[in-house]
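Geometric and topological summary
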Amino acid sequence: MAGIGQRSGLQGMEQKTQTLWVGVLLFPALCSAQNAFDGTWRPDPQRPTHPKTEIAVLADGRYECPSCAPPYTAKADGHDQPLQGNPYFDTISIAIVDDHTIAKAGKKDGKVIADTKVTVSADGAIKTEVQTIIGMAAVPIELTSKFSRISRGKPGSHLVSGGWQMTEMDVSNHAEDTTFKVSDGALSMIDRMGRSFTAKFDGTPAPYKGSDEFNGVSLKLIDERTIEESDLNDGKVGKISRWALSPDGQTIHVRFDDLHGHIQEQDGHKVK
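Let us look at the structure shown here. (Residues numbered from 1 in each chain as written. Predicted model: local features only at pLDDT ≥ 70, side-chain atom pairs only at ≥ 80, totals over all residues. Heavy atoms only, no water.)

Looking now at the overall build of the protein chain. When helices and strands are counted, the protein chain shows zero helices and 20 strands. The buried share among the 272 residues of the protein chain stands at 47%. In the structure as shown, the protein chain presents an accessible area of about 12500 Å², 52% of it carried by carbon and sulfur atoms. (Helix = DSSP H or I, 4+ residues; strand = E, 2+ residues; numbered from the N terminus. Buried < 20%, exposed > 50% of the residue type's maximum accessible area, 1.4 Å probe, protein only. Areas by Shrake-Rupley, 256 points an atom, 1.4 Å probe, with all protein chains shown as cover.)

So, in structure tokens, the structure goes:
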């Protein structure tokens, strides 16, 4: 199954999804639960367990992001401003829409890569970012993220200013909906983002097509409701995911391990 993953160190629209649900579901024992994983699956919204503080400052016609990697300052006049050292964008534009809303657009070689609308609630306590990432996959990816305020900006600054922590992130246009089909001891996976593979449950490496992270995958059946997936780069394991199916067969829990100390857990549900 494909799904939501962690953001990079870039804040807000400057953040690019680095790890989406790059997994797959198991085929349980053929006798009693045959084809239990066949169908289309959707990741539930992700709630980070250790959110980092994101800081924004918008005052006197300038926008500053000290928590971004790398940090930057740009005029908030709606025009493209150059960025130095940013791996994703050459320029960024910041436009003030009203007292609660701003718009951002990041470009690479003159093309929009990420377009974001940031809105702060009437009471100033909640921030919602709707970010559309273009060119990362076969279809645009729409991420909706919600944040809670942990500190306020200086008097006179825009409401977007201050410290924020993410409480939820979702692929809101369901670009990660993933369809599975089990046949002849192998699982075929295809998702709306253009990723696909067919792998047997005996651990034999198989090609992973359309992924910008991995070029191979292998599957290992742990028990009739659990599978371990290893994602590979040139034969070397880069991530291990363990999937566990619920007793009713309608939800799935996954534990992602990037082998660098970062563990991510998430649920998903069957949509058809």
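Now for the pairing of strand β14 (residues 196–200). Summarising the sheet, strand β13 (residues 186–191) and β14 pair through five bridges and their orientation is antiparallel. By the bridge assignment, S188 is partnered in β14 with T198. Connecting β13 to the next strand, β14, in antiparallel fashion are four residues, including G194 with a positive phi near 90°. (Pairing = 2+ DSSP bridges.)

A few words on the pairing of strand β20 (residues 263–270). Side-chain alternation along β20 places Q264, Q266, G268 and K270 on a buried face and I263, E265, D267 and H269 on a face that remains uncovered. If you look at the hairpin formed by strand β19 (residues 251–257) and β20, you'll find five residues sitting between the two strands, and L259 has a positive phi there, around 65°.

Next up on the list: the state of the cysteines. Throughout this description, disulfide means a covalent bond between two cysteine sulfur atoms. Enumeration according to the criterion identifies one disulfide in this entry. Here C65 pairs with C68 through a disulfide, and the sulfurs are 2.0 Å apart. One disulfide, between C65 and C68, carries an S-S torsion of 80° and so falls in the right-handed class. By relative accessible area, which is 0% here, C65 ends up buried. (Disulfide = S-S within 2.5 Å.)

Now for the nonpolar core. Counting 29 residues, the largest nonpolar core has Y63, Y72, I141 and V160 as the members making the most contacts within it. Secondary structure elements with two or more residues in this core: β2 (53–59), β3 (62–65), β4 (72–75), β6 (91–98), β8 (111–120), β10 (141–152) and β11 (162–171). At four residues, β11 tops the list of elements feeding residues into this core. (Core = buried A, V, L, I, M, F, W, Y, C linked by side-chain atoms within 4.5 Å.)

So, on to the environment of G124. Here G124 is to be found in the loop between β8 and β9 (126–133). Among all residues touching G124, those that are not within four sequence positions of it are R149, R152 and W164. (Contact = heavy atoms within 4.5 Å.)

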